[in-house]
Amino acid sequence: MRAGNPAQARSGGVERLTPTGDPLLAAKFAIPAVPRTHVGRNRLLDRLTEGTKGPLTVVTGPAGAGKTTLAAAWAATCPSPGPVVWLTAENDDSAPGVFWTYVLGAFHCHQVPLPDSVGIPSHTGDVDHSLLVRLAAELARLPQPVVLVLDGLERVPGRGVASGLEFVLDHAGPQLRLVLISRVDPPLRLHRYRAEDQICEIRGAELAFTRHETSLLLRRHGLSPSPESVGALTSRTEGWAAGLRLCALAMQQADDAEQFARSFAASQNAVADYLIAEVLEAQPAATRDLLVRTSILDHIHPQLANALTAREDAEWILARLVHANAFVEPIGDTPWRRCHPLFAEVLRAHLHSRRPGLVPQLHHQAARWFAGHDRPSEALKHAAAAGDWGYAAALLVDHLAVGNCLTGPDTHRLEQLFSAMPEDLPGVAPALVLAACALARGEATSGGAYLDRAEQLLGSTGAPEERLTCALLRLLVLGGGGGGGDTDGTAAEALAARTRDLMEQVAAPQLQRHPEIEALRRYGRACALQLAGRLGDARAAFTEALDVCPAESAPEVRCHCLGRLALAEALGGSLRAAGRHASEGLDTAKAYGVTPSRCPGSCHLALAVVAADQGDLQGARRHLGLAVDAGEAHDPVVAVETAVLHARLELAYGQAGSALDILDAVQGIHAGEPAQRMAVARSAVHLARGDAAAAIAALQACGPGGPAHTVALSAAHLAAGECDEAVRLLASIDGQQDMSVADQVRVRLLEAQAATLDKDASAAVGLLGRAINTARPERLRAPFTDAGLWLRHLLTSTPETADLQSWLTGRPGDAEPLVVEHISPREHDVLLCAAQMMSTQEIAEDLHLSVNTVKTHLNSIYRKLSVSRRSQAVRRAREVGIL
């Protein structure tokens, strides 16, 4: 180490003195010792080495950033262009005469000889300009460069010393390499050196420890930190060197070092004394008061600081703190400032321990300031912190922000924010907020109870914002199954219309700031229609909701819309669209950081239904597990479809008893579409067990239902040997517009089964072909695998079904795609009819052609497709995309 010898503060045995006659303090010339646990950071040492190749290097950063240690380590270990002369400035050195006396003493102490002709200052307050001229001239004559390190330069403010430094630096030539270490920018004209590329600057951000350096530092203290602990400490201290070193020392004494690293409070305690003594108590009284009072804020605005301190100079104080690197820094190009997280925690603890009665008052003032500046989120936070629940609830309702409890990134935070609000707090707004929080938790029934209270208080009056919020929440309660009695969706339609009318009574600019309201209105209506079993209407309503539901403003609503739309499509047999929308919902949730606990289980449930219907039972089980983990069991639609699919999968593996247990475990479903779905699922289990009577009874117990109910009842009667009744039931729904693809396929299959019982194989094959034509675009295989043994017998006993069997088993044909000649429009029509398993006579009648003409077209088709049979022609046509 190139440390100076304090004894050499004497010159030729004559003690050097300041202009005041005091002896020079030799300790100021000593290069500080490098701590035993020091971590050599080559990235910074190299920067200093590079910097000392030029005239000026400036190292700035807050207290404890590691500036002095860095320079001392460099002086001890790194190559230098010449001798290193060190001076640690102190407050008493601010007088130019004293400062330059110490500079000359430093050169002498570090054995850089300067002739006596340079002289020494004779006055404390100033220095003769000719002395600086002589000094610069002698430095320029040195045989090699010299590095002058001036540490603690912030203690020597003002332009007096700075202008002298600039003069000497500019006139000493390349032999002087100046390194300035300071908490603030030295008052030199740095812009000039920057313009001339004559300066190397190392700032506080560069001095921050990286995770790797933190790990090395902790190991130097004998610790073996986990990567998680290293990350936590680095993040919490933002790489602040002194904070890390203090934490490391405290961890050495802790019983559980890992627990210490995970505890923010422990870190705060470890560094509190340092920050209080070195930073807070070093400030004037007004600055200390401002820092302590504004500690309740995440970010500090000068006007808000003025409001909290009853002052008018907060902007100047904050600017000074930023300039002094006093753990306050600007936020971009805005007037906002922020404190270092650890410093902010220390200040908050200081406030709570010294002036606890002031805390709610400050939060109260902050809430009003934020509300007055159109920042309701921050206002809510401070109102809640002040325990001012009535004001917080009114703020949420008046700003139409209740929807934020149910959508967007603030959902969880707002729910937590109001979790401490008393349930018996009087007033409309508290009741509405409690209802919204209940809905956010998926508790539609309790949400409805809070709405009952709000509606009683509202009566026929109330502000438009209150009435709109109340109507919107009521619609969402209805869609969540908390309304009761709306079995056909009529009440939901009326409530959606009323909500829309109330929206027109609110100021347009205010409504425009909350696009989630219209998205929630449409989403609530769609959920209610889906709950009522109006799947077609629900699909259209979810699609409409997506049109006004941008992911940027309401990501959770969009995800849930996509999930519920996908579920409706899957249940309707539109499997490809269901898979597409469900995947989009999951992708949106991931892209917008929707937490797994709030990710819609309906997306996974829809994918599970798709997989099951397409014959992928393992995939269905996997997605069903993810849907259950998502925890949406509070929703009646999701709960019922989860149970129904779970029972289907158990049945597919021969576990009929388990399937019934799963269905019986679902409680509180007694009417409406959910009850119909449960009855259909139960009847399927009874049929699988060979108990047709129980299957019929299960369906009859819930009364008449929709097409799915009728199809299931027909299947049960067919299994009971009541073929005529089964056919009659099928005829009653044939051609209905609202029948799902799956039910259309099941109808054809039941008709085919009835035809086989009637020994009409040709009709059965034709009906089977029509069923497959309906199912093939969606790859819908479940109705065929569920059909029973009769279908297997039909497939194996009839040659014309070979192509059908290949598709049903999922094994593609072994023929390669063909390059075919152009198929004429009429040939295409014939091919379509052939694909529907129509006979030559039927094709002729359907297309108004002669039988011979149809045969001619068929022969032409065979030639163009290079096949010899009708079934092969249909298969090849599909392979090459003609059909």
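For clarity, every value in this text was computed on a predicted model and none was experimentally measured.

**A look at the overall build of the chain**
When helices and strands are tallied, the chain shows 46 helices and 9 strands. Taking 2.2 N^0.38 as the reference for a compact globule, 883 residues should give roughly 29 Å; the C-alpha atoms of the chain span a radius of gyration of 41 Å, well beyond that estimate. Expressed as lengths along the three principal axes of its C-alpha atoms, the size of the chain is roughly 130 × 75 × 55 Å. Relative to its 883 residues, the chain shows a buried fraction of 52%. Across the chain, every contact between residues at least 6 apart in sequence was considered, and the portion connecting residues at least 24 apart equals 68%. Surface summary for the chain: the accessible area is close to 38100 Å², and the carbon and sulfur share equals 52%. Charge-centre separation for the chain: the mean point of 82 positive side chains lies 5 Å from the mean point of 98 negative side chains.

**Here we look at the environment of Val 854**
With respect to the secondary-structure elements, Val 854 resides in helix α45 (residues 851–865). Residue Val 854 is classed as buried on the basis of its relative accessible area of 0%. Between the alpha carbons of Val 854 and Gln 841 there is a distance of 8.5 Å; along the sequence they are 13 residues apart. In this structure, Val 854 is in contact with Val 830, Thr 840, Ile 843, Ala 844 and Leu 849, ignoring residues within four places of it in sequence.

**A look at the pattern of salt bridges**
Going through the model one piece at a time under the given rule, you end up with 40 salt bridges. Between Asp 298 and Lys 381 there is a salt bridge; the shortest N-O distance is 2.5 Å. On the criterion of sequence distance, the pair formed by Asp 298 in the loop between α13 (285–293) and α14 (302–309) and Lys 381 in helix α18 (residues 376–385) is long-range, its members being 83 residues apart. Judged by its relative accessible area of 52%, Asp 298 falls in the exposed class. Taking the shortest distance from any N to any O, the salt bridge between Arg 525 and Glu 493 comes out at 2.6 Å. Residue Arg 525 is located in helix α26 (residues 516–531), and its partner Glu 493 is located in helix α24 (residues 490–503); the two are separated by 32 residues in the primary sequence. Taking relative accessible area as the criterion, Glu 493 reaches 25% and is therefore assigned partly exposed. Through salt bridges that share partners, Glu 493, Arg 525, Arg 534, Asp 537 and Glu 544 make up one connected network.

**Describing empty space enclosed by the protein**
Under the defined criterion, the tally for this structure stands at 2 cavities of 30 Å³ or more. Roughly 70 Å³ of volume is contained in the largest cavity. In this structure, the largest cavity is lined by Leu 400, Val 402, Gly 403, Leu 406, Leu 468, Thr 469, Leu 472, Leu 473, Ile 517 and Leu 520. Elements with a contribution of two residues or more to the lining of the largest cavity: α23 (464–479) and α26. At 4 residues, the largest contribution of residues to the lining of the largest cavity is made by α23. Of the residues assigned to the lining of the largest cavity, the class counts are 8 nonpolar, 2 polar and no charged. Considered as a void within the structure, the second largest cavity measures approximately 40 Å³ in volume. Looking at the lining of the second largest cavity, the elements that each hand over two or more residues are α3 (96–109), α4 (129–140), α5 (159–171) and β6 (176–182). Ranked by residues supplied to the lining of the second largest cavity, first place goes to α3 with 3 residues. The residue makeup of the lining of the second largest cavity, split by class, is 10 nonpolar, no polar and no charged.

**Observations regarding the sheet that holds strand β7 (residues 199–202)**
One open sheet holds the 5 strands; their spatial order is β4-β5-β6-β3-β7, and the pairing between them is parallel. Unpaired on one side and paired on the other, β4 (84–88) and β7 mark the two borders of the sheet. Strand-to-strand twist across the sheet, computed as the mean angle between neighbouring axes with direction ignored, equals 15°. As paired elements, strand β5 (residues 146–151) and β6 share 6 bridges and run parallel to each other. Across the sheet, residue Val 149 finds its bridge partner in β6, namely Val 179. Running at roughly 145° to β4, α3 makes contact with β4 and β5 of the sheet. Running over the sheet, α5 touches β3 (56–60), β5 and β6 and is turned about 150° from β6.

**Comments concerning the side chain of Arg 748**
Residue placement: Arg 748 occurs in helix α38 (residues 741–757). You can call Arg 748 buried: its relative accessible area is 14%. Setting aside its immediate chain neighbours within four residues, Arg 748 contacts Asp 734, Leu 767, Arg 770 and Ala 771.

**Observations regarding the state of the cysteines**
Scanning the entire structure with this criterion turns up 0 disulfides. You can see Cys 339 has no disulfide; the closest cysteine sulfur is in Cys 247, sitting 18 Å from it. Between Cys 549, a free cysteine, and Cys 561, which holds the nearest cysteine sulfur, the sulfur-to-sulfur gap is 5.0 Å. For Cys 549, a relative accessible area of 0% puts it in the buried group.

**Focus: the confidence of the model for the chain**
Residues with a pLDDT of 70 or more make up 92% of the chain, whose mean pLDDT is 85. For residues 1–13, every residue scores under 50 in pLDDT, and the model assigns this stretch 28 contacts once sequence neighbours within four places are set aside.

**Some words on the environment of Ala 65**
The residue Ala 65 is located in the loop between β3 and α2 (67–77) in this model. Residue class for Ala 65 comes out buried when judged on its relative accessible area of 5%. Here the alpha-carbon distance between Ala 65 and Gly 447, two residues 382 residues apart in the chain, equals 53 Å. When residues no more than four places from it in sequence are discounted, the contact partners of Ala 65 are Arg 41, Leu 207, Trp 240 and Ala 241.

**Side note on the nonpolar core**
With 121 residues, the main nonpolar core has Leu 275, Phe 343, Leu 396, Phe 418 and Leu 473 as its most contacted residues. Examining the composition of this core, we find that 12 residues originate from one element, helix α21 (residues 428–440), more than from any other. When near neighbours in sequence (up to four residues on either side) are disregarded, Leu 473 contacts Val 402, Leu 406, Leu 432, Ala 435, Ala 436, Leu 439 and Leu 451.

**Considering helix α44 (residues 840–847)**
Owing to its 3.6 residues per turn, the α-helix aligns residues three or four sequence positions apart on the same side. Inspection of α44 places Thr 840, Ile 843, Ala 844 and Leu 847 among the buried residues, and these make up the whole buried set. End-on, the buried residues of α44 take up no more than an arc of 100°, which puts them together on one face. With its phi angle positive at about 55°, His 848 sits one or two positions after the end of α44.

**A few points about the packing of helix α28 (residues 555–571) against helix α32 (residues 636–652)**
It is at 12 Å that the axes of α28 and α32 come closest, and there the two elements cross at 45°. Accordingly, the angle class assigned to the pair α28 and α32 is oblique. At the point where α28 passes α32, the crossing takes the left-handed sense. Residues Arg 564, Leu 567 and Leu 571 of α28 pack against Val 637, Val 638 and Glu 641 of α32. Split by residue class, the contact of α28 with α32 holds 4 nonpolar, no polar and 2 charged.

**Topic: the packing of aromatic side chains**
How two aromatic rings sit relative to each other is given by the distance of their centres and the angle of their planes. Taken as a whole and judged by the stated rule, the model has 10 aromatic pairs. Aromatic pair Trp 389 and Phe 418: ring centres 6.0 Å apart, planes at 50°, arrangement tilted. In this pair, Trp 389 is assigned in helix α19 (residues 389–398) and Phe 418 in the loop between α20 (411–417) and α21, connecting sequence segments 29 residues apart. Pair check on accessibility: Trp 389 and Phe 418 agree, each one buried.

The rules behind each value
- Numbering of residues begins from 1 in every chain and follows the order in which that chain's sequence is written.
- pLDDT decides what is reported in this predicted model: residues at 70 or higher carry local features, side-chain atom pairs at 80 or more are listed and counted, and totals for whole chains, interfaces and linings draw on all residues regardless.
- Hydrogens and waters are ignored; side-chain quantities use all the structure's heavy atoms.
- Secondary structure counts use DSSP, requiring at least four H or I residues in a row for a helix and at least two E residues in a row for a strand, with both numbered from the N terminus.
- Atoms considered for the radius of gyration are the C-alpha atoms alone. The globule rule reads 2.2 Å times the number of residues to the power 0.38.
- Accessible area is worked out with a 1.4 Å probe on protein chains only. A residue is then buried under 20% of its type maximum, exposed over 50%, and partly exposed in between.
- Residue contacts follow a heavy-atom distance rule, with two residues in contact if any of their heavy atoms lie within 4.5 Å.
- Residue burial considers only the protein chains on display, and all accessible areas are found by Shrake-Rupley using a 1.4 Å probe.
- In summary, the charge assignment counts Lys and Arg as positive and Asp and Glu as negative, without counting His or the chain termini.
- We put the charge of a Lys on NZ, of an Arg on CZ, of an Asp on CG and of a Glu on CD.
- Within this document, salt bridges are pairs made up of a side-chain nitrogen of Lys or Arg and a carboxyl oxygen of Asp or Glu, the two lying within 4 Å of each other.
- Buriedness for pockets is judged along seven lines, at least five of which must meet protein on both sides within 12 Å for an open set on the 1 Å grid over protein atoms alone, while cavities are sets there where a 1.4 Å probe fits but cannot get out, and lining residues have an atom within 4 Å of a point.
- Grid points are joined across faces, edges and corners, and a volume is the space filled by probe spheres set on the points.
- For this scheme, ten residues count as nonpolar: Ala, Val, Leu, Ile, Met, Phe, Trp, Tyr, Cys and Pro. Four count as charged, namely Asp, Glu, Lys and Arg, and the remainder, Gly too, count as polar.
- Any two strands with at least two DSSP-identified bridges between them are counted as paired.
- Lines fitted to C-alpha atoms define the axes here, with helix axes fitted over just the stretch in contact, and angles between the N-to-C directions of these axes take values from 0 to 180 degrees.
- Counting rule for disulfides: a pair of cysteine sulfur atoms within 2.5 Å.
- Residue-level confidence of the predictor is summarised by pLDDT, bounded by 0 at the bottom and 100 at the top.
- Nine residue types can take part in a nonpolar core, namely buried Ala, Val, Leu, Ile, Met, Phe, Trp, Tyr and Cys, and a core is a set of them joined through side-chain atoms within 4.5 Å.
- Starting at the helix axis, one direction is taken to each C-beta atom, and the arc is that of these directions.
- Roughly parallel means an angle under 35 degrees; roughly antiparallel means over 145; roughly perpendicular covers 65 to 115; every other angle is labelled oblique.
- Rotating anticlockwise by less than a right angle from the far helix to the near helix defines a left-handed crossing, while the corresponding clockwise rotation defines a right-handed one.
- Any pair of Phe, Tyr and Trp rings, taking the six-membered ring for Trp, is counted once the centres come within 6.5 Å. Such a pair is stacked with planes under 30 degrees apart, edge-to-face with planes over 60 apart, and tilted for the rest.

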